[in-house]
Each structure stands twice: as structure tokens, then as C-alpha cells.
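Examining the three-dimensional arrangement
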There are 2 protein chains.
Amino acid sequence: MPTADEIFKDFREHSIAEFFKKNRQMLGYAGIVRSLVTVVHEYVTNSLDACEEAGILPDISVKVSQVEENRYRVTVRDNGPGIPKKYVGKALAMILSGTKFHRHLQQRGQQGIGAAGCTLFSQVTTGKPVHVRSYTSTAAFECDLSIDTLHNRPVVNNTIDIDRDGMGIIVEGEFVGVKYENSEHGVLEYIKRTALANPQAQISFTDPFGKEFVFIRSSEKTPERPKATKPHPLGLSVNDLLELAQTSESRKLSSFMLESLARTTPNKLNEIQKRCKVDLSKNPKELTWSEAEELVKAIQSIKWIAPDSASVIGIGADQIKIALKSILNPEFISVVERKPQVFKGGIPFMVEVGIAYGGNSGRRVEDVQMASIMRFANRVPLMFDSGSCAITEAVRDMQWKRYSLDIDTQPISIFINISSVYIPYAGVGKEAISQEEEIVDEIKLALMEAARSMQRYVRGRQLKSIEESRYKIVMRYTKQLATDLEELTSTDKKDIEERLEKLVAKHYPKLKQGAENPNEAENTSDSNSV
Amino acid sequence: MPTADEIFKDFREHSIAEFFKKNRQMLGYAGIVRSLVTVVHEYVTNSLDACEEAGILPDISVKVSQVEENRYRVTVRDNGPGIPKKYVGKALAMILSGTKFHRHLQQRGQQGIGAAGCTLFSQVTTGKPVHVRSYTSTAAFECDLSIDTLHNRPVVNNTIDIDRDGMGIIVEGEFVGVKYENSEHGVLEYIKRTALANPQAQISFTDPFGKEFVFIRSSEKTPERPKATKPHPLGLSVNDLLELAQTSESRKLSSFMLESLARTTPNKLNEIQKRCKVDLSKNPKELTWSEAEELVKAIQSIKWIAPDSASVIGIGADQIKIALKSILNPEFISVVERKPQVFKGGIPFMVEVGIAYGGNSGRRVEDVQMASIMRFANRVPLMFDSGSCAITEAVRDMQWKRYSLDIDTQPISIFINISSVYIPYAGVGKEAISQEEEIVDEIKLALMEAARSMQRYVRGRQLKSIEESRYKIVMRYTKQLATDLEELTSTDKKDIEERLEKLVAKHYPKLKQGAENPNEAENTSDSNSV
């Protein structure tokens, strides 16, 4: 039997690139259809973030072409700021590096894994590098990128300066073990939903059969840019506070707190000082764990203004309404845009919900009508792992029947977008939001609010349908009655029938109209419950 | 508006420890109850693996004690081989390092993340290191461990040599943001299930109220140790083959393949050579991607013997039966142990299924009886993220009604264990198995087989209950008939009644017995359908 020393002689360290090479299903490369969506998702997300950061209205084109069975080429072009030569390797071929990880800023990407994951996936399935052309405002070049997985370092080859031709990047990779499928979980649906949540973007897509789809920009308004924020005191753990203090340039704890934390004023510092014995004039670098612990307790015992809502920006109720109308053409829409809330004490987030009824809403599975749930996080469609997502949890927990709605049988589409500086994803693949209580509760409140205004319409619709059938039954008798009365009174049948019909119609004024024009959509527009 | 250069000046690299510090929910530290289970899970899993590797029958004690609200101390002691001083830091305080990642060997742990994740969780919630005592066969010491997260390097402090006292390690950590709860998802249930799947282990658990639970070793047999295997040719991607070749010491491609791949014989090499033009006498280090591609195609076009099943070892049908009986005391058990299969071409795995009916089987949710599903991977209970797991998928897809079973209403417990050299977990937190088609299908086959043998019993039970009520009805008439016949024939009522009862009993011989002894469990033992 082996001793500890014998067992541990096999001890190794390995890089994060090695790890994800072995476990690429954790990045979303699981299943041939999903893997292709993951590639498109990573590139499109990066392009949207880049354009937003540079204040550019995005113009993105995606092309997927088939090379052979289960082998496809993906090309994504954007009109963003481009990537400087110095950073292109690390940006697209090194896992866990980027501009986004350390920021307090609402963005689609936040981990520095996505695009490097595509490079890894390409090289382990085809042996080929990914090809990039980058056009910045001052230079243009092309190069090939791959990852030295043993050390998680970028390998940049064949760099050539090229002529400038607009701005942005064109990234092209080939992937094996993928498949294009026109389904609810496919690339086209992903792009459609991305367009839905990003009306400021123009997105064109060419599928492997050469068919082109253009999702036209429906809003010329550059979306308001979320502001980078300082962390809110209520969101700080002891460890967070300690780390911030230790990297601070301030000479006093008090000035560090005033400068580095949101909503912190000299008055607040006085309140804190009254509740703890920590010397606020000490050097922040010398703060100890137990002092930080005391500070956090004091912070949590006083009242704070909520985090600045400017750090969280949603799609906007009007934009959601326009998008749902144009894509689903529903009978009725109810959109709710909630105020920003916080989770885990101080991380701001915001929920937007749209419910659409009728038209092309909902989905059919083997001829059974049911609701369709569209999940988004910072405007990025979440297409997989719905089972473990906070959004699904909230939708499931809703007592829909209370609102005269039934998600198992009715043609309903539910659109839910969560915006936050930090989305607590359940996994590295970022397809499900962790079930934080405050987030689930807030989604439920938004759903309830939207459902209430939907209910008025659906109830009216149900009453109308009951009265409609009564009206039809009564009308059926008028003919017989007219014939009978003709015999009894010798008045002309037609005359009696007409008068009876008028009488009945007087009792059901709306219904007659409704029966004649059953497809009216008069409720579509004025239902924004914001 | 910022240019690319301005945007990229914030570019940073960060370590995997920084990443998981920010995203610890991805490691299973989400929710206060689950976080505590995750800690216990990581330590117990490591202890079981260590004992198994050293050929020791595991004796593990777990203690959870409360320090203050949402703050607990966890102590785990095992009788394993211990950890040498030289490796203790990297083993418990460095993410992505260990002895398991590069092996082709069935183990519980496979990533080198778990225990280091506990250290990280402890230090960011309490500021304290984790304390370890290690007793190997030659030395003993204690020390404090934490992680330098910026560089993902271990920090080992206060190392002191201590007296030897048996073998094994004692690890103790304190954690904030956790809660002990005696629920279906709590620590006690986790340990109970671990005991269920590891009958060779003796596990004692002391809960925060001081109550001790001992799960007694029910099998003195050291489980058969899975063998480390060479990769099977059918499981190789082009990239895998290329990497193996490039790190090979062999001088010829042919000898490399004979030595490094399973089931590869000179005959097989001849077959491969007939189907591709790659020169098998070339240096494996010089193999190109396109040559490797050609080789893989050739490999996949010929027939191979399945992977050696010795690399995959399950719990064993008999052990599962003993465990289910002792814990659930069911009326009937059906256990199926399937033969090893492969997924993704060449990774061997094996499915074991136990279905228990009646007794303490199933679970009650708000007084509604339903089935309980116990998922295991390499004998480790999977307690969370059931929604996205291959096992749940297979259970859901089964047409239970075909087997006269109903998982929504009947007292059924379904035990499913997947064993493999490589379990394709859906996430880093390892709570769900990715939905690989071959795995889902194989689980379904195992469930069908187990359900079929269960069906005989359940059907018999249903028929019996129908006949039982018939018998009761007939017996009700005998009294009246006896009274009537006494009047008509002047025979004694008692006499007639007795004779009538005998007559009836003759028609329902089994039933009378059954009605007298309704709790019989005669079907419990002979139902192993292996």
C-alpha cells in the first residue's frame, strides 16, 4: 500500500487553461448545438460591450458557414473601437484577463474568460488558431491567435499591418463538434433575442444556407451609459473592506472611506465613529481583521442612502414594448420597469419584465400551447440551464392563476431582464443566475405587477367570451321567435326578426361589435404599467 | 469617447483564486445552508479518496459546532495516509493543484479545487487560516493555511512538529455566512447518503447541538480499487492524440501507440496503417495535426474491444441492497448493476440503480407523498442543482406509468450512482452531471430494468388489494347468509358460517393469509435483477 510520500510524488499544478481544456462543458461547450451558440454569444457580447464603452451604435454582422459535418466557421464583425496590437493576445487568448474584472461597472462580460474560451475551443478541436483583424482609430493589423495552455499564455503569430478600413474587429474561427440548428436553442434564436434586448444595435446574420437575416436598429438612441461606481458600504464584507484599505493610497482611514466608498460623508463617519472604537485616523494599510469587522458592524447598524441608481441601467420600458410589439405582434403587452434594489446588502440590481399575450407569443411543443420565458442578464439572452436560474425559480413560484393567467396553456411570452454591476451567475458558463433571495423576490414583485395589469385584459376577454356565447344563443332564438310571432300576429317575420335583433344588440352593445371584429387589438398600446 | 488605447489601459490579469473569491457561488458557496454542506462535502470527499488510495478502511469523524449566528466551525478527522509537510500548502491552499487532475483513474475528486476552495471561503469570511494536523507513517506536524489570492500561492504558517498519534489528517476551519439545518439539503442528510454509498466507511457526525450520529461500517470489505487506465483509442480527440504524442518518450509513433493507448495491439496498428498514410515509424513528437486527424479517422473506422471494465468500479448490487434495506426498510427493492459503457467514444462509465418501495422510501412534502431521487457520482451524493443533471433528466424522461409506478404519488426511493474515470460535471461546483446522450440513455436503460422487476411486485400488490376487498365483501355476506339459512334449514348458524368461510377461503387462499398478515415483506430479498 502506498505511503503519503508515494501518493504525493504525482503532485502537479495546472493552469486554468488546462482545466477548461479538460472541462470545457463548464464554459458552455456541451452539446453540438449549444457549443455553436456559445461561440456566437461570446463574440457578440464582446462586440456589444466594446461599442457601448466607446459610445458607438453597434453594427454587428455574424456569419456561420458549414465546412463539413459538425465543423463550422464563425465570423463576427463589429464597428467598435478595435483592440490595440499590444493587448490582442491577452484579450482573446488568455483566460482570466481583461479590462472588466476589477471594475464596478455594469457590463455584459465580467470575467475575462469568454473570447479566450472560443480560442481554446477552436484550437483543441481543429488545431487551428483564430484569425483576427483589428482596426483602431490609429492602426490596423491582422494576426493568428492561440493559447499555450500549459502556461495560459497567448501565442500571437503572423502579425501583419494592414490598411485601415473603418473601425472594429473581425474575428474568425473554425470549430469542430458543433452543429447549426434552427431551433429554440439555436444561433438564430440567440441573435433574435439579442436584437430584442438591444434595440440600439443593428445585427445581421447569415446562416449556413446563405440566408441573411437583418435585425434593424429600432432605436437611434445610444443607450445611457451606466456609471462606474464606488462600492456601497452595505455591500462590503470584512474581507472587501480590508482589501480596499490595503490597496489604498490615502493616509488616513477616514479619508480612504470618504474617497473609496459610495454615499460616505463626514457625517456618516461621525455616526460610525460613535458606534465603534477603531481609530479612523490610522493608516488604512494597518487596518486589522478585527478592526475591519468592527467597522463593518458599525456600518451595518446605521442608515444609508441606497446605491446610486445611475450605476444600473436597464433596457427601458418603452424600448421593451417596441421590441415585443415588433417581434411578437401580441394582443396585449404589459411592461414593468422596477426601481433599482440591492442584494447581498449593497450590490444594486434592477428588474424589467414584459408580458405579451396572443399574436406570436408563447410557444408550441408538439401542438401544445405554452408560455415562453425569455431570460436576459444585462441584455444578454440566457438560453440554457434554465432549471437552476433565479428567473425560472421566480416564474415557477408565481401563482399565475390568481391573475387569471396560465403559463401551461396560454399564448404568453414573458421577457425578464436583470441589470447589475455584478450578476451572480451560478456557473462559469453564465447561463443561469444564482438564486439570491433578494433577486428572486424582486423578480416576483415585477411579475406580479405586470400580471395584475395583464389580468384586467384577460378577465375582460374571458367575460367577453362568456357574453359572446350568450349573445349567440339568444340570437339563435330570435329566428324561431320571429317565425312563431309571424303566425300569431300576422306581422312579417323579417320585420320582427330585425326588431328583435336590435333589442338584443342593445343589451350587448360591445359584444356585437366584438363578434364582428374578433381580432381587435385595442388594448395593445395603453398598457404600460410603469 | 475613449479610444481603444484608453480603454485597454485598464487591462489586467488575475489569478484563479481572485476569480473564485469573487465568484464563490460557482464552487457551491451559494446560500447559507448549501455553503456549509459544500465545506463538509469537500473534506469528506478528500478523506474517502485518500483512504481508498492507501487501501485503508475509512474511519471519518465530522463535527460541526456553532460559534455565533451564521458562523460555524467544521472539524473533519480521517485515518488516511496523511499529507507530507512538503505538499500540505499546495494540497489545501492552492487552487488547481493536486494529484488527481492528470490521472486516468476513477476518483471522487478530480479537479484540485475543493479543499483549497474551503480555505479561500474561510479566509474571506473570517480572516482566519484553516488549521491542519497531519500524521503520516513517518512524521506528524500541524500548521495554519491560507491563500495568497493575488498569486494563487499557499501561505503556510506556524508549522510545528507534533507527536505521532495514529495516521490521517485533522482539518479545522471556521466559516461565516453558513447555517446548520436539519433538512433534505443539510449536512446530516449529506453524511447519511455518503454512508449509504460507502458501506466500507465508518462515519460519525456530531451536530451543533452535541448530538452524535454514527453510521456504522456495514461492509468490512475494502472496496476493489479501480485501476488507472490508459486512454482508449475511441475516446481520443485529435488534440488528445497530438498532446500524448508530443509528451511521449517513444521513438516511433507505433511504439508510442502500443505503449500509451489501451487495447492497442500490433494487429490493430496494421489495420490502422491500411486505412491511413501516416508513417507509423516517425517520431511521435513530429506528428502534425493533419496526420493526427487522419489517424483518429482511421482509429474510428475500425472495431475495438471496449475499455477495460476494471477501470470503473461501482458500489455493487449487494452493497446497495444492504444499504437501502438498513436505511429505508422498504417492502421491496430492485437493484440493477449495468455493465460498463463508454461515452464520447471511449470514456468508460457504469450505472447502478436501486429502486426501493414502501417502508421509509420516498418523501413527504407538505403531506403529499412523492418519490425521492438520490443522485451519486463516484459514490459522492449530489445534493443540489438537480434540475440540470443528466440523472434527473433520465428519471423525468422515464415512462413510469408503463411499469405501474408513479413517482408523483408513491413511496419510492430511487438510488442512482454513476462511476467513471471522468465524470463530466456541468459546473465547477460538481453538483450536476452534464447531459451527455450516452449517459442519459444508459441511466434510462438501468431504470427500465429495475422498474420492470419492481412492476411485478407492484402489480401483484394491486391485484392483491382488489381481491382483498372482494374477499372482504364476500365474507360480509356469509354472516347474513348463515342467519338466513339457519331459518330455512334449522341448521346451527355457527356451523353454516364456518363452512361458508372455509368455502370462501378456499377460493382466496393467499388472500386470507395476506389479509391476516398485511405487512409481510416476502418480496424484499429475492429481487436483485442483476
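All figures in this text were calculated on a predicted structure; none of them were measured in a lab.

About the criteria used
- Residues numbered from 1 in each chain as written.
- Chains lettered and ligands numbered in written order.
- Predicted model: local features only at pLDDT ≥ 70, side-chain atom pairs only at ≥ 80, totals over all residues.
- Heavy atoms only, no water.
- Helix = DSSP H or I, 4+ residues; strand = E, 2+ residues; numbered from the N terminus.
- Buried < 20%, exposed > 50% of the residue type's maximum accessible area, 1.4 Å probe, protein only.
- Contact = heavy atoms within 4.5 Å.
- Lys, Arg positive; Asp, Glu negative; His and termini not counted.
- Charge placed at Lys NZ, Arg CZ, Asp CG, Glu CD.
- Buried area = accessible area lost by both parts, 1.4 Å probe.
- Salt bridge = Lys/Arg side-chain N within 4 Å of Asp/Glu carboxyl O.
- Polar contact = N/O pair within 3.5 Å; in protein donor to acceptor, adjacent residues only side chain to side chain.
- Pairing = 2+ DSSP bridges.
- Phe/Tyr/Trp six-rings, centres within 6.5 Å; stacked < 30°, edge-to-face > 60°.
- Lys NZ or Arg CZ within 6 Å of the ring centre and 35° of its normal.
- Disulfide = S-S within 2.5 Å.
- Arc of directions from axis to C-beta.
- Axes fitted to C-alpha atoms, helices over the stretch in contact; angles between N-to-C directions.
- Parallel < 35°, antiparallel > 145°, perpendicular 65-115°, else oblique.
- Nonpolar A, V, L, I, M, F, W, Y, C, P; charged D, E, K, R; others polar.
- Least-squares fit on C-alpha atoms with pLDDT ≥ 70 in both.
- pLDDT = per-residue confidence, 0-100.

Quick look at the overall build of chain A now. When you go through chain A residue by residue, the secondary structure sums to 15 helices and 18 strands. Taken along its principal axes, the extent of the C-alpha atoms in chain A is 110 × 70 × 65 Å. The buried share among the 530 residues of chain A stands at 55%. Long-range contacts, defined as pairs at least 24 residues apart, comprise 73% of the intrachain contacts of chain A with a sequence gap of at least 6. Both charge centroids of chain A, one from 70 positive and one from 71 negative side chains, sit 3 Å from each other.

Take the interface of chain B and chain A next. The interface is formed by 67 residues belonging to chain B together with 67 residues belonging to chain A. For the pair chain B and chain A, the two sides together bury roughly 6000 Å², of which 60% comes from carbon and sulfur. Applying the counting rule to chain B against chain A returns eight salt bridges. Linking Lys90 of chain A and Glu13 of chain B is a salt bridge whose minimum nitrogen-to-oxygen distance equals 2.3 Å. Taken together, the connections running from chain B to chain A amount to 21 residue pairs in polar contact (both at pLDDT 80 or more). Per-element tally for the side of chain B that touches chain A: the top contributor is helix α2 (residues 16-22) of chain B, with five residues. Here two bridges tie strand β1 (residues 12-13) of chain A to strand β4 (residues 97-98) of chain B, and the two strands are oriented antiparallel to one another. Following the sheet pairing, Arg12 of chain A is matched in β4 of chain B by Gly98 of chain B.

Moving on, we get to the packing of aromatic side chains. Residues and elements named next belong to chain A. One pass over the full model with this rule turns up 26 aromatic pairs over all chains. Site record: aromatic cluster; members linked through ring pairs are Tyr180, Phe205, Phe209 and Phe213. Looking at Lys268, its charged tip hangs above the ring of Trp304, at a distance of 5.5 Å from the centre.

With that settled, consider the state of the cysteines. Residues and elements named next belong to chain A. Evaluated as defined, the whole model comprises zero disulfides over all chains. The closest cysteine sulfur to the non-disulfide-bonded Cys118 is located on Cys143, 15 Å from its own sulfur. Given a relative accessible area of 0%, Cys118 falls into the buried group.

Let's shift gears to the side chain of Gln25 of chain A. Following the sequence through the fold, Gln25 of chain A ends up in the loop between α2 (16-22) and α3 (32-54). A relative accessible area of 7% places Gln25 of chain A in the buried class. Contacts of Gln25 of chain A, omitting those with residues within four sequence positions, involve Ala30 of chain A together with Tyr422, Pro424, Tyr425, Ala426 and Ser434 of chain B.

So, about helix α7 (residues 238-246) of chain B. Turning to α7 of chain B, its buried residues are Val238, Asn239, Leu241, Leu242 and Ala245 of chain B. Viewed along the axis of α7 of chain B, the buried residues span an arc of 165°, placing them on a single side of the element. Its buried side turned inward, α7 of chain B meets α2 and α5 (114-126) of chain A together with α8 (253-260) and α10 (289-301) of chain B.

So, about the packing of helix α4 (residues 85-93) of chain B against helix α5 (residues 114-126) of chain B. Two numbers describe a pair of packed helices, the interaxial angle and the distance between the axes. Residue and element names in this part refer to chain B. At a minimum axis distance of 6 Å, the contact between α4 and α5 shows a crossing angle of 80°. Considering their axes alone, α4 and α5 lie roughly perpendicular with respect to each other. Mapping the contact onto sequence places Ala91, Leu92 and Ala93 in α4 and Ala115, Ala116 and Thr119 in α5. For the contact of α4 with α5, a count of residues per class yields five nonpolar, one polar and no charged.

Okay, the relation of the copies chain B and chain A next. The operation linking the two copies of the chain is a rotation about an axis combined with a translation along the axis. Expressed as a screw transformation, the operator carrying chain B onto chain A has a rotation angle of 180° and an axial translation of 0.2 Å, and the superposed copies differ by an RMSD of 0.2 Å. Here the transformation between the copies is reduced to the relation of a two-fold axis. Residue Gly387 of chain B, judged by its C-alpha, is the member of chain B lying nearest the rotation axis, at 2.4 Å. The fraction of interface residues of chain B whose copies in chain A are also interface residues reaches 100%, indicating that both copies meet through the same surface.

Time to look at unusual backbone geometry. Residues and elements named next belong to chain B. Of note in the backbone geometry, Leu96 takes a positive phi value of approximately 70° without being a glycine. Tracing the backbone through its elements, the reader meets Leu96 in the loop between α4 and β4. If you check the backbone angles, Asn329 has positive phi at about 45° while not being a glycine. Within the secondary structure layout, Asn329 lies in the loop between α11 (317-328) and β11 (332-337).

Here we take up the pairing of strand β5 (residues 130-135) of chain A. Residue and element names in this part refer to chain A. Two strands pair when backbone bridges link them, and β5 and strand β6 (residues 140-148) are joined in this way by six bridges, in the antiparallel orientation. The residue bridging Ser134 from the neighbouring strand is Phe141, located in β6. Here β5 folds back onto β6, and the loop between the two strands holds four residues. Bridging between β5 and strand β8 (residues 168-176) involves five bridges; their strand directions are antiparallel. Residue His131 lies in a different strand from β8, and its bridge partner there is Glu172.

All right, on to the sheet that holds strand β10 (residues 212-215) of chain B then. Either a parallel or an antiparallel arrangement is found when strands of a sheet pair, and the pairing is made through backbone hydrogen bonds. Residues and elements named next belong to chain B. Pairing is mixed in the open sheet, where eight strands are placed in the order β7-β6-β5-β8-β3-β2-β9-β10. Two strands in the sheet have a free side with no partner beyond their single neighbour: β7 (153-161) and β10. For this sheet, the mean inter-axis angle between neighbouring strands, taken without regard to orientation, is 15°. Together, β2 (59-68), β9 (202-206) and β10 form the strand contacts of helix α6 (residues 187-197), whose direction differs from that of β9 by roughly 170°.

All right, on to the environment of Gly316 of chain A then. With respect to the helices and strands, Gly316 of chain A occurs in the loop between α10 (289-301) and α11 (317-328). Residues within four places of Gly316 of chain A in sequence aside, it is in contact with Glu337 and Glu352 of chain A.

All names here are of chain A. If you trace the eight strands from one edge of the open sheet to the other, you get β7-β6-β5-β8-β3-β2-β9-β10, paired in mixed fashion. This sheet does not close on itself; its edge strands, each paired only once, are β7 (153-161) and β10 (212-215). Each strand axis lies, on average, 15° off the axis of its neighbour in the sheet, ignoring direction. In this sheet, strand β9 (residues 202-206) lies alongside strand β2 (residues 59-68) in parallel orientation, the contact comprising five bridges. Its bridge partner being in β9, Asp59 is matched across the sheet by Gln202.

What follows deals with the pattern of salt bridges. In the structure shown here, the tally under the stated rule is 38 salt bridges over all chains. A salt bridge links Arg34 of chain A to Asp385 of chain A; the shortest N-O distance between them is 3.2 Å. Of this pair, Arg34 of chain A sits in helix α3 while Asp385 of chain A sits in the loop between β17 (380-382) and α12 (390-397), and the two are 351 residues apart along the sequence. Residue classification places Arg34 of chain A among the buried positions, given a relative accessible area of 14%. With a shortest N-O distance of 3.2 Å, Asp397 of chain A and Lys444 of chain A are connected by a salt bridge. Of this pair, Asp397 of chain A sits in helix α12 while Lys444 of chain A sits in helix α13 (residues 437-489), and the two are 47 residues apart along the sequence. We classify Asp397 of chain A as partly exposed; its relative accessible area is 41%. Connected through salt bridges with shared partners, the residues Arg71, Arg73, Lys128 and Glu174 of chain A together with Glu293 of chain B form a single ionic network.

This part is about the confidence of the model for chain A. Caution applies to low-pLDDT parts of the model: their predicted coordinates are not meant to be read in detail. All names here are of chain A. Residues with a pLDDT of 70 or more make up 94% of chain A, whose mean pLDDT is 87. Looking at the elements of chain A, mean pLDDT is at its lowest for helix α15 (residues 509-516), recorded as 48, and at its highest for strand β3 (residues 71-77), recorded as 98. Predicted confidence for residues 512-530 stays below pLDDT 50, and this span has 34 contacts to residues more than four positions away or in other chains. Here the predicted complex carries an ipTM of 0.79, next to a pTM of 0.82.

Residues and elements named next belong to chain A. Mapped onto the fold, Gly168 is located in strand β8. C-alpha separation for the pair Gly168 and Ala140, spaced 28 residues apart in sequence, amounts to 9.5 Å. When residues no more than four places from it in sequence are discounted, the contact partners of Gly168 are Asp78, Asn79, Gly80, Gly82, Arg133, Ser134 and Tyr135.

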